[in-house]
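Close look at the chain arrangement
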Amino acid sequence: MEANSSTISRAEEIKVLANEAFKAHKYNQAIDLYTQAIELNGQNAVYWANRAFAHTKLEEYGSAIEDASKAIEIDPQYSKGYYRRGAGYLALGKFKEALKDFQQVKKIRPNDPDASKKLKECEKAVMKLKFEEAIAAPVAERRSVAESIDFRSIGKGPSSSSVPTQVVIVPVAVAVTAAAVMLVRTAKPALVVGVLMVILVVLGILWGEVEPNYTGARIEGDTITLDFVKKMMDDFKNEKRLHRRYAFQIVLQIREMLQALPSLVDIDVPEGKHFTVCGDVHGQFYDLVNIFQLNGLPSEDNPYLFNGDFVDRGSFSVEVILTLFAFKCMCPSAMYLARGNHESKSMNKIYGFEGEVRAKLNDKFVELFAEVFCCLPLAHVINGKVFVVHGGLFSVDGVKLSDIRAIDRFCEPPEEGLMCELLWSDPQPLPGRGPSKRGVGLSFGGDVTKRFLEENKLDLVLRSHEVKDEGYEVEHDGKLITVFSAPNYCDQMGNKGAFIRFTAPDMKPEIITFSAVPHPQVKPMAYANNFMGLFS
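Only a predicted model underlies this, so the values are computations on that prediction, with no experimental measurement involved.

1. Describing the pairing of strand β14 (residues 510–514)
Relative to β14, strand β13 (residues 497–503) is paired through five bridges, and the arrangement is antiparallel. Within the sheet, the bridge partner assigned to R501 lies in β14 and is E510. Where β13 hands over to β14, the hairpin turn is made up of six residues, of which M507 adopts a positive phi near 60°.

2. Here's the deal with the UniProt feature "active site" (unreviewed entry) in the chain
Residues annotated in UniProt with the feature "active site" (unreviewed entry) correspond here to H342. Position of H342 among the secondary structure elements: in the loop between β4 (335–337) and α14 (345–351). A residue is classified by how much of its surface remains accessible, and H342, at 3% relative accessible area, is buried. Excluding its chain neighbours within four sequence positions, the residues that come into contact with H342 are H282, D309, V311, D312, M347, N348 and Y351.

3. Quick look at the environment of L264
Inspection of the secondary structure assignment puts L264 in strand β1 (residues 264–267). By relative accessible area, which is 1% here, L264 ends up buried. Measuring from C-alpha to C-alpha, the distance between L264 and L378 comes to 6.1 Å, with 114 residues separating the pair along the chain. Sequence-distant contacts of L264, that is, excluding residues within four places in its chain, are made with A379, H380, V381, F387, L401, I404 and R405.

4. Some points on the pattern of salt bridges
Taken as a whole, this structure holds 31 salt bridges when the rule is applied. Its salt-bridge partner being R143, residue E147 comes within 3.4 Å of it at the nearest N-O pair. The class for E147 is partly exposed, based on a relative accessible area of 48%. Ionic pairing is found between R152 and D222, a salt bridge with its closest N-O pair at 2.5 Å. Of this pair, R152 sits in the loop between α7 (113–135) and α8 (165–185) while D222 is found in the loop between α9 (189–206) and α10 (226–237), placing the two residues 70 residues apart along the sequence. For D222, a relative accessible area of 47% translates into the label partly exposed.

5. Topic: the nonpolar core
Core analysis: the largest hydrophobic core is formed by 61 residues, its most contacted members being L242, I250, F306, L322, F325, L368 and F369. Where this core is concerned, the elements lending two or more residues are α10, α11 (244–259), α12 (285–295), β3 (304–306), α13 (317–330), β4, α15 (353–360) and α16 (363–373). Examining the composition of this core, we find that nine residues originate from one element, α13, more than from any other. Look past the residues within four positions of L368 in its chain and what remains in contact with it is V145, A146, I149, F248, V251 and L252. In terms of nonpolar packing, the next biggest core, distinct from the first, is built from 50 residues, A98, L99, A125 and V399 among them.

6. Some thoughts on the packing of α13 against α15
Between α13 and α15, whose axes approach to 9 Å, the crossing angle comes to 85°. In terms of orientation, α13 and α15 fall into the roughly perpendicular class. Here α13 contributes S317, V318, E319 and I321 to the contact with α15, which in turn contributes F353, E356, V357 and K360. Across the contact of α13 with α15, the residue classes break down as four nonpolar, one polar and three charged.

7. Re the packing of aromatic side chains
Evaluated as defined, the whole model comprises 22 aromatic pairs. Look at Y214 and Y246: their rings are 6.2 Å apart centre to centre, the planes differ by 40°, and that puts the pair in the tilted class. Note that Y214 is positioned in the loop between α9 and α10 and Y246 in helix α11, a separation of 32 residues in sequence. Note on Y214: relative accessible area 12%, which makes it buried. Taking the centre distance of 5.8 Å and the plane angle of 85° together, the rings of F236 and F285 count as edge-to-face. In this pair, F236 sits in helix α10 while F285 sits in helix α12, placing the two residues 49 residues apart along the sequence. Residue classification places F236 among the buried positions, given a relative accessible area of 3%. Relative accessible area serves as the criterion here: at 0%, F285 is assigned to the buried category. These aromatic residues form a ring-pair network of at least three members: F248, F325, F353, F365, F369 and F373. Sitting over the ring of F53, R84 keeps its end group 3.9 Å from the ring centre. In this structure, K328 packs its charged tip against the face of Y336, placed 4.7 Å from the ring centre.

8. Notes on helix α19 (residues 446–455)
Turning to α19, its buried residues number three or more, namely V448, T449, F452 and L453. Angularly, the buried residues of α19 cover 130° about the axis, an arc narrow enough to put them on a single face. In α19, the exposed positions angled more than 90 degrees off the buried face are occupied by K450 and E454. Note on α19: the residue one or two positions beyond its end, K457, has a positive phi of about 55°.

9. Some words on unusual backbone geometry
Cis geometry is adopted by the peptide bond preceding P505, which originates at A504 and carries an omega value of 10°. Residues other than glycine seldom take positive phi values, yet K457 does so here, at roughly 55°. Note on placement: K457 falls in the loop between α19 and β10 (460–463). Even without a glycine there, the phi angle at N488 is positive, about 45°. Relative to the assigned elements, N488 resides in the loop between β12 (480–483) and β13.

The rules behind these values
Within any chain, residue numbers begin from 1 and follow the written order of that chain's sequence. Residue-level local features of this predicted model are given only where pLDDT is at least 70; pairs of side-chain atoms are given and counted only at 80 or more, and the full residue set underlies all totals for whole chains, interfaces and linings. Only heavy atoms go into the side-chain values, all of them from the structure, while hydrogens and water stay out. Strands were regarded as paired on the criterion that DSSP finds at least two bridges between them. Where helices and strands are cited, they refer to DSSP runs of H or I of at least four residues and of E of at least two residues respectively, numbered from the N terminus. UniProt positions are given in the numbering used here, feature names are shortened, and annotations may be inferred rather than shown by experiment. Burial classification: accessible surface area is computed with a 1.4 Å probe over protein chains only, and a residue below 20% of its type maximum counts as buried, one above 50% as exposed, and the rest as partly exposed. The contact criterion used is simple: two residues touch if any of their non-hydrogen atoms lie within 4.5 Å. Salt bridges are defined by distance alone: a side-chain nitrogen of Lys or Arg within 4 Å of a carboxyl oxygen of Asp or Glu. What is meant by a nonpolar core is a set of buried Ala, Val, Leu, Ile, Met, Phe, Trp, Tyr and Cys residues, joined one to another through side-chain atoms within 4.5 Å. To get an axis, fit a line to the C-alpha atoms, keeping to the stretch in contact for a helix; angles then go from 0 to 180 degrees between the N-to-C directions. Should an angle fall under 35 degrees it is called roughly parallel, over 145 degrees roughly antiparallel, and 65 to 115 degrees roughly perpendicular, with every other angle called oblique. By the convention adopted, Pro, Cys, Tyr, Trp, Phe, Met, Ile, Leu, Val and Ala count as nonpolar, Lys, Arg, Asp and Glu as charged, and the other residues, Gly among them, as polar. Two rings from Phe, Tyr or Trp (for Trp, the six-membered ring) form a pair when their centres are within 6.5 Å of each other. A pair whose planes differ by under 30 degrees is stacked, one over 60 is edge-to-face, and the rest are tilted. Two limits define a charge over a ring: the Lys NZ or Arg CZ must be within 6 Å of the ring centre, and within 35 degrees of the ring normal. It is the directions from the helix axis to the C-beta atoms whose arc is reported.

Structure representation (structure tokens):
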């Protein structure tokens, strides 16, 4: 009995240490300590729920849901168990499952105002989801939103329309014709000329004349130049916005480029030349600018691959995505872009990008970005040696590069299959395969990596998707590297960022790390849904 009491006391002491680690944002250490407490006293629901919260902070939502479920199993009346599990489901966009858990929280704690608030927010999200599902057109009948946009017709300021020119050309033609007839018949031709001039001025404003008081970057004609991109970046650094006309022009142009690419893109780096790969940026625009200051702007002689998760979390995602897209439009061989798991509607709805786009641009851009994200390639191979993918490898052996090329990627990411695993999977230290700590994809060991490389005659897997203390981590006997390029992730993780340079022909990775730089006082997730307070 005394030994049992001693064990319980020791577990409580370790829990206190775990809580301190959590408060210091040392979430991996907190998880290790909560695990030690659980090993001493596995029947304490608090330990499981606390570990679930630490997993949530590391975006390990599958593990968070498992731990919270265990807490509920131990104590079905422990409201925090349902709360933590509901948060995990929300993070994965599983609103209906989350709603059930928050209803249970409300049932256990009927007078808790915070529980009531979270339940209402979740109910609102579920209702919105059902409404969107109800009004959505069948896939076969859906038209591209890009087809409804004529960027040249946009120029009257905040209220200007993106309606195609064809829609208004008939009444305008009638007006011009009537004025011409008046000019022939009237005894006062000067009056009619004046009317014509007014019409022409209105037409100029309607069809593309950006308002005179706009002082930001401008695209002259159809060509995006380096001068334009530099000016746009300077404006962004000073918290100025790009005119929607030019934002539409960039996004529409990148859509055409990406549509023409295969799902797996081969990159050739000539002998003596170098190539840089960056990981997740997550809306941290000022850190992106720092990367270019450290490593040079993208150009044909200084090409980059950004390996997914350009947006969400950070509150300058619009600035990041327009900058990357503009460089790609300026010089396609200077910038390569891969899809991450956050280039999807469900993630953007939760983690801030959708809200940011509505605030800085407009609703039509939300649809347009969603469409363009579906065009992003899923993986790249550099010089036939380095396989670059956002997430990781597969639940089955024998996947060939030709299988990846054959993926029909023009859709929202599915919840299983090759495309899902490319975007979501993570490496694990043990051999074989295991369930994903995220709740989507899987975990794969060094033996899986080795077989994939051998079967496809490759040397290295380079992926992103996970925050690392040093900005990178080498695993699987040096055959797999994770690179993450968002330092001090979400303004709280304290991690470094990294990027990796390869020089042909040997293609040995040179890892460069860097620290976060200051940014304006706009918090991460500033545009996210209200229920994201669950994770803070």
